[in-house]
Amino acid sequence: MRKCEVTGVKKLTLSATAKDRYTTYGLVVLIAVAVQLFVSYGNASNSFKGLLVPTCVYVLAALSLNLVVGVSGELSLGQAGFMCIGAYVGATFSVITAESIASDAVRFTIAILLGGIVAGVFGFLIGIPVLRLRGDYLAIVTLAFGEIIKSVCGNLYLSADKNGLFVALDVKAKSAHAFDAATKVDYVNGALGINGIPRTSNIRVNEWAFVICMAVILIAVIVMLNFIDSKQGRAVMAARDNRIAAEAMGVNVTRSKMTAFVMSAFFAGVAGVLYAHNYNVLDTSNFDYNQSILILVFVVLGGMTKMRSVMISTIILYVLPEALRGLNKWRMLIYAIVLIAMMLINNSVAIKKLVEKIQAKFAKGAENKEGGAA
Amino acid sequence: MAILETKDLSIQFGGLKAVDHLNLTIEKGQLYGLIGPNGAGKTTVFNMLTGVYQPTGGTIHLDGICINGKNPVEINKLGIARTFQNIRLFGKMSVIDNVKVGFGNSIKCSLFESFFHVGRYKKNEKEVTAKALELLKVFDLDGEANTLASNLPYGKQRKLEIARAMATNPKLLLLDEPAAGMNPHETAELMQTIRFVRDNFDMTVLLIEHDMKLVGGICEQVTVLNFGQELAKGETSEVLNDPRVITAYIGEDE
Ligand SMILES: Nc1ncnc2c1ncn2[C@@H]1O[C@H](COP(=O)(O)OP(=O)(O)OP(=O)(O)O)[C@@H](O)[C@H]1O
Ligand SMILES: [Mg+2]
C-alpha cells in the first residue's frame, strides 16, 4: 500500500464545523450571563427562578438524547430511566456524604460524576442486548428498560447502621432485618424515595444555581460537539446514514452505536443528578415514560441535527407552558400551535432553503475575511 | 502472486445459482473488467468479495490471505474497498467528512482525546483534513468539500464514493458501475480519473461495467459473466469480439 501523494492543494481554513461549534458555545455562555444578570440585578419573579434549574435539566437531557436520536439515528425511549439512575445515585451519595465531605462544591462534583458514570455503565449493559435491535424494536425495548429502572428504584431500600449498609428490593426483607436502632439511618425508602437531600448541596437555594447548571451544560456540549467532530463521531454518523457503506469503509457499527449510547446515558445521568439536587425529596414519579417522550419531543422538534437547535427547542417548549400559565384556558391551545408550527418549520423545504441561503451568505462573508489565511 | 484470486466461487439463493464456479485472477496494478448482462451476478461477486454475502462454495484469497468468512469491516482493513451500484453515501455528512470516514482506521486517537480535542487529536485532524482535500482534488470535488453529500449532483456523488473508498487505502478497489447515469462527457472524464488513480496510487482496480465500449476503452483484461457463469475471459479486445459474448449481449446494448 502506498500513500496518496498529490500536490497542489494548500488552502486550509478553519473547518465549518469548528466555526459552528464556537457559535454554540457562545450561545450557552450568552444565555448563562444574560439570565444570571437578570436574576441578580433584575426583578425576576420566584416562578421564573424556579424554572431555571429544571430548564437546564431538560436541556441536558434533550442534548443527551440527541446523541442517540440525532447523531446515531436510533429511536430510544428510555432516557428518563437513565436520568432516574443518575438522580438516585447522585442524591444517595450526597445524603450519605453530607457530613463526611465538608465542601459542597466537591460533594456536588463527585455526585455529578458518579451519577453520570453509573448511568453510563447501565447504558452499556442495556446497550448490549438493545443495540442489536433496530428502529421500532429498539424504541420498545428501551422504553421497557426505562420503566424497569424506575420500578427498581421505586422499590429500593437503602439503610445503614453501625454494622454497615443494608440494601433490599422488598419492604418485607427490610422489616425482617435486625437493625441497630440507635445508629440506623434510612437513605432510600422505597416508594417514598430519598428524603433529606442536604440543604447545603441543594442547588435551588444557591444564588448561582443557574450558572452552575449552565457550566455543566457547556462542558457537556463541548464534549458532545468535539466528539461529533472526531473520528469516532464521524463513524457514528456514517453508521447512521448508511450502515452497509459504513461497514464497507471499515466502521465498526456496533461499537460506534454503543459509544453514542453510553455517552447519552452518562449525560442523562448527569441531568438526573442536577434534577435531584433541586429538591429536598426525590422519588421516581417524575421518571416515567411520559418524561422520556417529552424529551424526545424536544429533540425531534429541535430538528435532531444541531445540538444548538435542540437546546433552543427545549427551552421554548419547556418554558412556554409555564410562561403561559396566566393565560389559563388558552395555554394548551397556544402550546399545541407552537408544536405544530415548529414541526412545519422543521419539515418545510422552503424554510430550509432560506436558512441554507442565509448560512451560505454568512459562510461566504467569513471566507472573504479569511481570504489571506493559508 | 495475484492480488486477488477466487477459486470456484459460488453462491446460491434458494434454487438460484447467482454465481457459479467463478475463477478470477487479478494481478497487482491491473485494471480488470467484470461485465455481463443484467442479473448476471456481477454485484453478487462484489458482495462476496467484501463479506456482505458468504459464498456457499469456493475460496477467495487477497494477497495470499484467505478472506472467506470474514466480515466487511475486517475485509476493508485487509485492503478491499468498494463503491455501490446504488449510491450509498453518508448523505447528511459533508463531502469532506465522507472521505474522512474512510480515513478513520488510519487515525490513531483515543476517545478521551476526541472528547477534549487534546493529545494527538489536533495533529491527526490537520493531517487527515489535508489528505482528504488532496483526494477530493483528484476527483475535482475539493470545491464542494463542505457541501452535504446528498446535495451533490449525481455524477459527483459517484466520484465521491470512489474518493471515500480510496481513503481507506485499499490494495484493491472494486467499482460497481461507476459511470452509471453519467453522460458521455462525464464518463470519459471519469475513465481518465480511474486510470490516473490506478497509475498514481499504485492501485489495482476491478470494475463492473455495463457498457462494453467503455470497458474496451479502459480495462486490459475482462471476465464476462452470464447467468452466474464465466462466459469468456482474457484480453479485452479479444473477448469483446468473441461471438458468444456478442450473442449474450444481443438485445441488450446494441
Ligand atoms: N440477496 C439476494 N437474494 C436473492 N437473490 C439475489 C440476492 N442478491 C442477488 N440476487 C439475484 O442474483 C442475481 C444476480 O444479481 P446481481 O445483482 O449480482 O446482478 P448484476 O450482474 O449486478 O446485474 P445488474 O447489471 O442489473 O446490476 C439476480 O437474479 C438477483 O435477483
Ligand atoms: Mg449489479
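To be clear, the structure that these remarks concern was listed above.
All values derive from a computational prediction rather than experimental measurement. (Residues numbered from 1 in each chain as written. Chains lettered and ligands numbered in written order. Predicted model: local features only at pLDDT ≥ 70, side-chain atom pairs only at ≥ 80, totals over all residues. Heavy atoms only, no water.)

A. Just the overall build of chain B, in detail. From N to C terminus, chain B includes 10 helices and 10 strands. By the compact-globule yardstick of 18 Å for 254 residues, chain B fits well, its C-alpha radius of gyration being 19 Å. Projecting the C-alpha coordinates of chain B onto the three principal axes gives extents of approximately 60 × 40 × 35 Å. Counting over 254 residues, chain B shows a buried share of 57%. Surface summary for chain B: the accessible area is close to 10,400 Å², and the carbon and sulfur share equals 52%. If you average the places of the 27 positive and of the 31 negative side-chain charges in chain B, the two averages end up 8 Å apart. (Helix = DSSP H or I, 4+ residues; strand = E, 2+ residues; numbered from the N terminus. Rg over C-alpha atoms; globule rule 2.2 N^0.38 Å. Buried < 20%, exposed > 50% of the residue type's maximum accessible area, 1.4 Å probe, protein only. Areas by Shrake-Rupley, 256 points an atom, 1.4 Å probe, with all protein chains shown as cover. Lys, Arg positive; Asp, Glu negative; His and termini not counted. Charge placed at Lys NZ, Arg CZ, Asp CG, Glu CD.)

B. Examining the environment of Ser106(B) more closely. Checked against the element boundaries, Ser106(B) lands in the loop between helix H3 (95-103) and helix H4 (111-116). Counting along the chain gives 13 residues from Ser106(B) to Met93(B), while the straight-line C-alpha distance between them is 20 Å.

C. Structural context of unusual backbone geometry. Residues and elements named next belong to chain B. Not every positive phi belongs to a glycine, and histidine 21 is a case in point at roughly 50°. One can find histidine 21 in strand E2 (residues 16-26). Look at aspartate 140: it is not a glycine, yet its phi comes out positive at around 60°. Structurally, aspartate 140 can be placed in the loop between helix H5 (121-138) and helix H6 (154-167).

D. Representation of a nonpolar patch on the surface. There is a patch of nonpolar side chains on the surface, built from Leu113(A), Ile117(A), Val121(A), Phe124(A), Leu125(A) and Ile128(A) and spanning about 530 Å² of accessible area. With respect to the helices and strands, the residue Ile128(A) is situated in helix H4 (residues 104-130). (Patch = residues over 30% accessible without salt bridge, like charges linked within 9 Å, V, L, I, M, F, W, Y side chains within 5 Å. Salt bridge = Lys/Arg side-chain N within 4 Å of Asp/Glu carboxyl O.)

E. Structural detail: the pattern of salt bridges. Summed over the entire model, instances satisfying the criterion amount to 22 salt bridges over all chains. Across the pair Asp229(A) and Arg234(A) runs a salt bridge, and its minimum N-O distance is 3.9 Å. Of the two residues, Asp229(A) and Arg234(A), both sit in the buried class. A salt bridge links Asp142(B) to Lys137(B); the shortest N-O distance between them is 3.9 Å. Linked through salt bridges whose partners overlap, the residues forming this network are Arg21(A), Asp229(A), Arg234(A), Lys100(B) and Glu125(B).

F. Focus on the nonpolar core. Counting residues in each nonpolar core, the largest one holds 162 residues, and the members touching the most others are Ile217(A), Leu282(A), Val99(B), Leu160(B), Met166(B), Leu173(B) and Ile194(B). Among the elements that make up this core, the one with the highest residue count is helix H2 (residues 46-71) of chain A (16 residues). With near-sequence residues (within four places) excluded, Met166(B) lies in contact with Leu135(B), Phe139(B), Leu173(B), Val197(B), Phe201(B) and Met203(B). Within the second largest apolar cluster, 26 residues are counted, among which are Leu22(B), Leu24(B), Val45(B) and Leu174(B). (Core = buried A, V, L, I, M, F, W, Y, C linked by side-chain atoms within 4.5 Å. Contact = heavy atoms within 4.5 Å.)

G. Region of interest: the coordination of the magnesium ion (ligand 2). Residue and element names in this part refer to chain B. Coordination of the magnesium ion (ligand 2) by the protein is provided by Thr43 (OG1) and Gln85 (OE1), with metal-donor distances spanning 1.9 to 2.1 Å. Of this pair, threonine 43 sits in helix H1 (residues 42-49) while glutamine 85 sits in the loop between strand E6 (80-82) and H3, placing them 42 residues apart in sequence. What makes threonine 43 partly exposed here is its relative accessible area of 24%. (Donors = N, O, S within 2.8 Å, 3.2 Å for Na, K, Ca; no water.)

H. A look at the interface of chain A and chain B. Of the residues lining the interface, 37 residues belong to chain A; the matching set on chain B comes to 43 residues. Scanning the region where chain A abuts chain B turns up one salt bridge. Residues Glu125(B) and Arg234(A) are paired through a salt bridge, measuring 2.7 Å at the closest nitrogen-oxygen approach. Taken together, the connections running from chain A to chain B amount to 14 residue pairs in polar contact (both at pLDDT 80 or more). Those elements that place two or more of their residues in the side of chain A that touches chain B are helix H1 (16-41), helix H7 (209-228), helix H8 (231-241), helix H9 (243-248) and helix H10 (253-276) of chain A. Per-element accounting of the side of chain A that touches chain B gives the leading share, seven residues, to H8(A). (Polar contact = N/O pair within 3.5 Å; in protein donor to acceptor, adjacent residues only side chain to side chain.)

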